[in-house]
Amino acid sequence: MKRTILLLCALLTAAYFSNAQTSSPRLIIRGDDMGYSHAGNEAILKCYKEGIEKSIEVLVPSPWFPEAVMMLTQIPDADIGIHLTLTSEWDNVKWRPLSDCPSLRDADGYFYPMVRPNKNYPKQSVVENDWKLADIEKEFRAQIELAMKKIPRISHFSGHMGCTTLNDDVIALVRKLAQEYHIKHYDTSLREAGVTYTSYVGAHATPEEKLMSFTKMLESLEPGKTYLFVDHPGLNTPEIQAIHHIGYENVATDRQGVTDIWTNPRMKQLIKDKGIQLIGYSQL
């Protein structure tokens, strides 16, 4: 009897790993920063309706968040995450914390532009100032509660510009908040869920390079694995042409390139031909 049970276990294990090796790759295409601009909102909506985007990250303190809330009612099945933020990085448009958190505000009351030191913005990062964990918790809670009030179908958290992995204390805080608010997935939990981050394979500065390197990325995905690809759809409009910071001035053309790829019929066909399964966080 014991030998029979052991044999059955061995067969089931072999079958499991055989299936994992032969099953299709799974891929989350995630569009970040909904709320930073009207054209950004339009692009993210377009990439979900007409393209391959399956997950959307919302910046709750951002100026176009109310419009994002309204737009998301058009796509009730979309997978939505809270893009927790401690920064307002653009030179010509700014946003402030939702809570009373003095250690996270600059002299004008806005978030600092950077999370970590940046030579173009000296002493204007979170880590270069006397930030308090209690203020981060207060601000994250405010963002979470407003998002859940306006968008009840939140499936996950992520961190804008890496703010949720600022240090071990912040990582532990996000884990605690995820448990408290019944959120299963967040940045540091993805590895436990078997998710691998992927990116462009090769140069991707121009639209042509983007298309080629995105194609190579799709072709590199391995059967049985789950991947996450993140980028920022946008439109090359006067609004986004006016949005930039030192070191990233070509925002409009760069983000239009993302929208073009994610709505490109050739990419849709390649995904179909390779049997890649597009999923959201809720399907992990």
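Bear in mind the structure is a predicted one, so any value in this text is a computation, not a measurement.

Definitions and limits used
- Residues numbered from 1 in each chain as written.
- Predicted model: local features only at pLDDT ≥ 70, side-chain atom pairs only at ≥ 80, totals over all residues.
- Heavy atoms only, no water.
- Helix = DSSP H or I, 4+ residues; strand = E, 2+ residues; numbered from the N terminus.
- Buried < 20%, exposed > 50% of the residue type's maximum accessible area, 1.4 Å probe, protein only.
- Contact = heavy atoms within 4.5 Å.
- Pairing = 2+ DSSP bridges.
- Right-handed = clockwise from strand over helix to strand, strands pointing away.
- Phe/Tyr/Trp six-rings, centres within 6.5 Å; stacked < 30°, edge-to-face > 60°.
- Lys NZ or Arg CZ within 6 Å of the ring centre and 35° of its normal.
- Arc of directions from axis to C-beta.

This part is about the environment of Q124. Here Q124 lies in the loop between β3 (79–84) and α4 (133–150). When its relative accessible area of 32% is taken as the criterion, Q124 is described as partly exposed. With 11 residues separating them along the chain, Q124 and P113 place their C-alpha atoms 6.3 Å apart. Among residues more than four places away in sequence, those in contact with Q124 are Y112, P113 and M114.

Here we take up the pairing of β3. Counted residue by residue, β3 has six buried out of six residues, so it is predominantly covered. Pairing of strand β2 (residues 55–58) with β3, which is carried by four bridges, proceeds in the parallel orientation. Looking at β3, one finds that V58 is bridged to I82. After leaving β2, the chain enters helix α3 (residues 65–72) and then returns to the sheet as β3, a path that is right-handed. Read from β3 through α4 to strand β4 (residues 154–159), the crossover connection turns out right-handed.

Moving on: the packing of aromatic side chains. Under the definition given, this model contains six aromatic pairs. Here the aromatic rings of F229 and W262 are separated by 6.3 Å at their centres, their planes lie at 65°, and the arrangement is edge-to-face. With F229 in strand β6 (residues 226–231) and W262 in helix α8 (residues 251–262), this pair connects stretches of sequence that are 33 residues apart. Across the pair, exposure class does not vary: F229 and W262 are buried alike. Feature note: the residues Y200, F214, F229 and W262 constitute an aromatic cluster, connected by ring pairs. The ring of Y48 is capped by K54, whose NZ or CZ atom sits 5.7 Å from the centre of that ring. The ring of Y110 carries the charged tip of R96 above its face, separated from the ring centre by 4.2 Å.

Now for helix α9 (residues 265–273). One turn of an α-helix holds 3.6 residues; hence residues three or four places apart share an orientation. All buried positions along α9 are accounted for by M267, L270 and I271. End-on view of α9: buried residues confined to an arc of 100°, all on one side of the axis. Exposed residues pointing more than 90 degrees away from the buried face of α9 are listed as P265, R266, K272 and D273. Where the residues of α9 are buried, they touch α6 (207–220), α8 and β7 (277–278).

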